[in-house]
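# Architecture and fold: a report
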Amino acid sequence: MPNAFAYLVLFSFPLFAVLLFRLLPLQRALIWTLLSGHLLLPSSMSVKLPMLPPIDRSFVPALTALILCAIMAPRQRVTNELEARLGRQVVFILLAMVLVTPVFTTLQNTEPLINGRSWLPGLRLYDAFSMISTILVMLIPLWLGLRYLNTRDGHRALLEAFVISAVVYTFPALLEVRISPQLHNWIYGYFPHQFAQHIRNGGFRPVVLLNHGLMVGIYFCIGVISAAVLYREDRRLGTPAWKWLVAMLWLGATLFLSKSLGALILAIIFAAAVLFLSRRLQIALGVVLAAIVMFYPMLRGAGLIPVDAVHDFALSISEERAASLKFRLDNEDALLAHAMEKPLVGWGSWGRNHLYDPVDGRMISTTDGIWIIFIGVFGWIGYIGRFGLLTAPILFFALRQRQLGTSLITPGLIMVLAANLIDLLPNAGLVNYVWLIAGAIIGFVLWREPDDAADVAGSAGAMGKTRAAWLMPEDAAPVRDSRKDPGRDAAMNFRPGRVPRRMIER
C-alpha cells in the first residue's frame, strides 16, 4: 500500500511544475515537467474517479504541462506549405482512428464472455467513454511536443534533458545495483513490481522510482544515444564536445551494470549508428525500423520475424533468459491468434483480450509487448492509429529531409524514437516521453513556424548528389552553424511576464 507521502507527492506535483515554468524557458520547463513526473512520481498507483482516466504519474504531469503551456506560451503561426497541409491531414486521420475505435470496439463486444468459472461483462457506452478519456490523456504529450517543441532548439533541449536526467539517475541506480531495489519501498512504502524479476546473475537490476527495471534500462539507453547525438553535432559545429562523450561512456557503463541486456544491445547499435553513419543513412535506418514496427503483427503472423534466431541468441547467453523469451514468444503467438478472431476493432477492455483456462477460468496469458496489447484490445484500426502516430514522424521527415537542413539533431532524435519503437515490441514502455518525442518531430516537419525554417547552410540542396556525400559523415570537417542564435527562439526563451520583442512586432 502506498504511504501518505506517495499521495502527497502525486497531488503536489503541479506546484513543482509551476515553479519550473516560472524559472525556466517554456520549452525546457515543459520537458522537465514531463521527465520529472516520469522519474520521480510513485509508480503503479493511481486514484480512479468515475468517467475519468486514472490519476497517476502519467496523468498529473501531462495535464499540468498542458494547462501551463496554454496559459503561458505565446501564440505560434503554422506553416502553410502544401506538403505540410497534406501531412497534417494524415495525422488527423490517424488521431480520428485512435479516438473513434473505442466506440466500434464497444459495439462489437456487448456480449459477456464465460470461461469456466470466470465471467467477463460485455462492454457498454460507458466503457467507450472511459477508454476515450484515457486515450486523450495518453495523447497530451504528443500535442505538447507537436505544438511547443517543433523547433530544432526544442529538439536539442530534449536531448540534453535526457542526458542530464539519465546521468543524475545513475547514482541511485548504482546504489540499488549494490544493495538491491529498495528506494521505492523506502520512499513510497511499497515495491511496484515483483522483486524476484530484479534478481539477475547473482546481483540486482535497479528500479529506483520507476515501475520496472526494464524502464530504467531503456531510459539509460536513451541517455546513451542522446549523448552520442550531441557529441556528434557539437563536433560538426566545432564546439567543445568532450562532456557528451564522457556522459555517453558513463551511462553505457551504468547500463551494463544494470543488467538490462536488451537495452544495452539497443544502446550499442543506435549509438554506433549515430556516431558513424551519415545523416541520410541514419534517416534510412529509421524508416526501415519504423516500417518493421508498423507492420510487425503482420510480419509476425506470416513468420517473417526470425524469432527462432533470437531465441538461439538468448540461449547462447543464458538459459534463464532464453526460457523467459520463449514463454513470451509463445504467449504472443497465442494472443495474436486470439486477436485475429476480431481483427478490426479487437476485444475491448476488462481483460477480454486475454486467454483463460476453459475449466477453472484462470488467466493463462501474459501481455508484455505494447503491440500485442493494442491489437488485442483495439484491433488493427487501433493499432494502425497508434503506431501510425509514432512512426509517421520518421516517414514524413525522410520525405522532406532535403528541405530541413544539415543538422544532426533531429535525425539523432529520430534514432532515439526508433530505439523506443523497437523496445515497444517486447515491452510495454509507451510512456509520456515517447509521445513527446514523436510530437516534437512531427511538429518540426509539419507545424513549425514559417520563419523557423531549417538551417539550409548552403549545402542542403546538394546533399546526396555524390557517392561521398552519401557515405561520408557530414562532420568530417567542423563548420560553424549559420543559423540564428538558438537563444533567440521565442518559444525557447519565453518566460511569463516577458514578451519577446519579435512577438510584439507581429
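Before reading further, recall that the structure is shown in the block above.
Rules behind the numbers
Note on numbering: residues in each chain are counted from 1, in written sequence order. Local features in this predicted model are restricted to residues of pLDDT 70 or higher, and side-chain atom pairs are both shown and tallied only at a pLDDT of 80 or more, whereas totals for entire chains, interfaces and linings draw on every residue. The basis for every side-chain value is the complete set of heavy atoms in the structure, and neither hydrogens nor water enter the calculation. Put simply, DSSP marks the helices as runs of H or I at least four residues long and the strands as runs of E at least two long, and each gets a number from the N terminus on. For each residue, the accessible area found with a 1.4 Å probe, counting protein chains only, is set against the maximum for its type, and the residue is called buried under 20%, exposed over 50%, and partly exposed in between. Note on contacts: a residue pair is in contact if any heavy atoms of the two residues lie within 4.5 Å. For the accessible areas, the method is Shrake-Rupley and the probe is 1.4 Å, while residue cover comes only from the protein chains on display. Each axis is a line fitted through C-alpha atoms, taken for helices only over the stretch in contact, and angles between the N-to-C directions span 0 to 180 degrees. When the near helix sits turned anticlockwise from the far one by under a right angle, the crossing is termed left-handed; a clockwise turn instead gives a right-handed crossing. Residue polarity is assigned by list, with Asp, Glu, Lys and Arg as charged and Ala, Val, Leu, Ile, Met, Phe, Trp, Tyr, Cys and Pro as nonpolar; anything else, Gly included, falls into the polar class. Pairing of aromatic side chains requires ring centres within 6.5 Å, counting the rings of Phe and Tyr and the six-membered ring of Trp. Pairs whose planes differ by under 30 degrees are stacked, by over 60 edge-to-face, and all others tilted. Lysine NZ or arginine CZ positioned within 6 Å of the ring centre and within 35 degrees of the ring normal marks a charge as sitting over the ring. What qualifies as a polar contact is a pair of N or O atoms within 3.5 Å, subject to a donor-acceptor requirement within protein and to the restriction that residues adjacent in sequence count only when both atoms come from side chains. Within the patch definition used here, like charges are joined within 9 Å and nonpolar side chains (Val, Leu, Ile, Met, Phe, Trp, Tyr) within 5 Å, considering only residues with over 30% relative accessible area and no salt bridge. The term salt bridge refers to a pairing of a side-chain nitrogen on Lys or Arg with a carboxyl oxygen on Asp or Glu at a separation within 4 Å.

### A word on the overall build of the chain
Regarding its fold elements, the chain presents 20 helices and 4 strands. Taken over 506 residues, the chain has a buried fraction of 55%. Considering only residue pairs separated by 6 or more positions, the chain has 79% of its internal contacts joining residues 24 or more positions apart. Of the roughly 21,600 Å² that the chain leaves accessible, carbon and sulfur atoms contribute 68%.

### Topic: the packing of helix H15 (residues 370–399) against helix H16 (residues 409–423)
Contact geometry for H15 and H16: axes closest at 10 Å, N-to-C directions at 145°. In this structure, H15 meets H16 at a crossing whose hand is left-handed. Of the residues in H16, those in contact with Leu 390, Thr 391, Ile 394 and Phe 397 of H15 are Thr 410, Pro 411, Ile 414, Leu 417 and Leu 421. Looking at side-chain class alone, the contact of H15 with H16 contains 7 nonpolar, 2 polar and no charged residues.

### A closer look at the packing of aromatic side chains
Counting across every chain of the model gives 13 aromatic pairs. Pairing Phe 162 with Tyr 219 gives two aromatic rings, centres 6.1 Å apart and planes at 75°, and the pair type is edge-to-face. With Phe 162 in helix H6 (residues 152–179) and Tyr 219 in helix H8 (residues 213–237), the pair connects residues that are 57 residues apart, well separated along the chain. The ring of Phe 378 carries the charged tip of Arg 386 above its face, separated from the ring centre by 4.1 Å.

### Some points on the side chain of Ser 165
With respect to the secondary-structure elements, Ser 165 resides in helix H6. Judged by relative accessible area, Ser 165 falls into the buried class, the value being 5%. Within the structure, the side chain of Ser 165 is placed 2.6 Å from the backbone oxygen of Ala 161, a separation counted as a polar contact.

### Observations regarding a nonpolar patch on the surface
A contiguous nonpolar patch, built from Met 51, Val 100, Phe 104, Leu 107, Leu 125, Tyr 126 and Phe 129 and spanning about 660 Å² of accessible area, is present on the exposed surface. Elements represented by at least two residues in the nonpolar patch include exactly helix H4 (82–107) and helix H5 (125–148). The topology assignment puts Leu 125 in helix H5. Residue class for Leu 125 comes out partly exposed when judged on its relative accessible area of 48%.

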